[in-house]
Amino acid sequence: MGGGIERNYGPSMLSRVGGIDIVVITNNGQATDLGQFTSLGIDPTRYATVAVKSMQHFRAAFAPIARDIVLVDTGALCAEVYTAELFTKVRRPIWPLDPIPDLHTQ
């Protein structure tokens, strides 16, 4: 997705804690390009596990090198599964949360 475009994430660092490499950036940004790692000397293709804090934007760069993708629902803005209970102030019924009668069969 980033396609190698230059972006300033501000001062960034690689920290190694208990055998785990952690990348920390100053300016907020999605993991859209492997360059975020390679610029710090990390080759993500050489790791058994890579975790990124992103719900969608990571896919273009990381799906081609991933054996598997595991999504974690943190309860934040985006979720993998939406339930009607999350939308208490939305006019109802609304698809896909509620069944909508098929007007052509009535």
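The preceding data block contains the structure.
This write-up is about the structure you can find in this document. Predicted model, so just to flag it, every value in this text is computed and none were measured. (Residues numbered from 1 in each chain as written. Predicted model: local features only at pLDDT ≥ 70, side-chain atom pairs only at ≥ 80, totals over all residues. Heavy atoms only, no water.)

A few words now on the overall build of the protein. Summing up its helical and strand segments, the protein has two helices and two strands in all. Each helix and strand of the protein, ordered N terminal to C terminal, gives the series β-β-α-α. Here the protein, with 106 residues, has 17% of them falling under the buried criterion. Within the protein, contacts between residues at least 6 apart in sequence are counted, and of these 32% link residues at least 24 apart. (Helix = DSSP H or I, 4+ residues; strand = E, 2+ residues; numbered from the N terminus. Buried < 20%, exposed > 50% of the residue type's maximum accessible area, 1.4 Å probe, protein only. Contact = heavy atoms within 4.5 Å.)

Inspection of the entire model under this criterion finds two salt bridges. Residue Arg-16 is joined to Asp-21 by a salt bridge in which the shortest nitrogen-to-oxygen separation is 2.5 Å. Classification of Arg-16 by relative accessible area gives exposed; the value is 60%. For Arg-92, the salt bridge identified is with Asp-98, shortest N-O distance 2.6 Å. A relative accessible area of 39% means that Arg-92 is categorised as partly exposed. (Salt bridge = Lys/Arg side-chain N within 4 Å of Asp/Glu carboxyl O.)

The next point concerns a nonpolar patch on the surface. A grouping of Met-13, Val-17, Ile-20, Ile-22 and Val-24 is seen on the molecular surface, where their side chains present a nonpolar patch of about 420 Å² in accessible area. Elements represented by at least two residues in the nonpolar patch include exactly strand S1 (13-17) and strand S2 (20-24). Topologically, Val-24 is positioned in strand S2. Residue classification places Val-24 among the partly exposed positions, given a relative accessible area of 37%. (Patch = residues over 30% accessible without salt bridge, like charges linked within 9 Å, V, L, I, M, F, W, Y side chains within 5 Å. Areas by Shrake-Rupley, 256 points an atom, 1.4 Å probe, with all protein chains shown as cover.)

Along the polypeptide, Ala-31 turns up in the loop between S2 and helix H1 (35-38). The exposure class assigned to Ala-31 is buried, which follows from its relative accessible area of 10%. Sequence separation of Ala-31 and Val-52 is 21 residues, and the distance between their C-alpha atoms is 6.6 Å. For Ala-31, the residues in contact, after removing those within four places along its chain, are Gln-36, Val-52, His-57, Phe-58 and Phe-62.

On to the nonpolar core. In this structure, Ala-31, Phe-37, Ile-42, Phe-58, Ala-61 and Phe-62 together form the largest nonpolar core, which totals six residues. Contacts of Ile-42, omitting those with residues within four sequence positions, involve Leu-14, Val-23, Phe-37 and Tyr-47. (Core = buried A, V, L, I, M, F, W, Y, C linked by side-chain atoms within 4.5 Å.)

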